[in-house]
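# Examination of the molecular architecture
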Amino acid sequence: MPSPDLTLGLKRHTDPGLITLLLQDQVGGLQATRDGGNTWITVRPIPGAFVVNLGDYGHYLSNGRFKSADHQVAVNSTSSRLSIAAFLNPAPNAQVYPVKIEEGEKAVMDEPISFTEMYKRKMNNDLHLARLKKISKQEESLLEDDNKDKSCKNLQQILA
Ligand SMILES: O=C(O)CCC(=O)C(=O)O
Ligand SMILES: [Fe+2]
């Protein structure tokens, strides 16, 4: 990518399925976070090794005992990158619900839903978050414009 700052790479997400097997080349760029995106851990490429990501389906099946891997891919300006991902997803009508709920434990979801429904809710949620992010960016830039206006007026007053 000649202008990495102008490209997305792969934005932060979790995979929907049970597990993902990932083969990345030596360029690397895969990063994971455990604190909601505040800090990122670079997943160092190891020749011939697969990265195994747990997805949301695995998260729900284990009643939240296992966390889905929160990850993204950063682009770099000097090398092109190749990765191969194999997603192990259940059938669309598979039931998503914890396999076992221990005594005294609360279920991560109220009722079983289909994998299709789980995926739809995930996408809706992602869209909702993206919209919120866009709105907060727009508000930030409006505030900046407002501040610029104010400093211009201040300057004009000083010069007058
Ligand atoms: O390219 C990679 O290393 C990761 C790809 C990925 O996260 C995905 O396709 O869901
Ligand atoms: Fe992914």
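The structure contained in this document is the topic of the report that follows. (Residues numbered from 1 in each chain as written. Chains lettered and ligands numbered in written order. Predicted model: local features only at pLDDT ≥ 70, side-chain atom pairs only at ≥ 80, totals over all residues. Heavy atoms only, no water.)

Each protein donor to the iron ion (ligand 2) is listed here as H13 (NE2), D15 (OD) and H71 (NE2); together their distances run 2.1 to 2.2 Å. Going along the chain, you hit the donors of the iron ion (ligand 2) in the pattern H-x1-D-x55-H. Taken as a pair, D15 in the loop between strand 1 (10-13) and strand 2 (19-24) and H71 in strand 6 (residues 70-73) lie far apart in primary sequence, 56 residues in all. The residues D15 and H71 share a single accessibility class, namely buried. (Donors = N, O, S within 2.8 Å, 3.2 Å for Na, K, Ca; no water. Helix = DSSP H or I, 4+ residues; strand = E, 2+ residues; numbered from the N terminus. Buried < 20%, exposed > 50% of the residue type's maximum accessible area, 1.4 Å probe, protein only.)

Moving on to the site of ligand 1. The environment of ligand 1 is formed by L10, H13, D15, L22, L30, H71, V73, R81, S83 and F87. Between ligand 1 and the protein, one listed contact pairs an oxygen atom with a side-chain N or O atom of H71 at 3.0 Å. Relative to its free-state accessible area of 290 Å², ligand 1 is covered by the protein chains to the extent of 86%. When contributions to the shell around ligand 1 are tallied by element, the ones reaching two or more residues are strand 1, strand 6 and strand 7 (83-88). When the residues that make up the shell around ligand 1 are grouped by side-chain class, the tally is five nonpolar, three polar and two charged. (Near = heavy atom within 4 Å. Polar contact = N/O pair within 3.5 Å; in protein donor to acceptor, adjacent residues only side chain to side chain. Areas by Shrake-Rupley, 256 points an atom, 1.4 Å probe, with all protein chains shown as cover. Nonpolar A, V, L, I, M, F, W, Y, C, P; charged D, E, K, R; others polar.)

Limitation: the analysis is restricted to geometry and does not speak to function.
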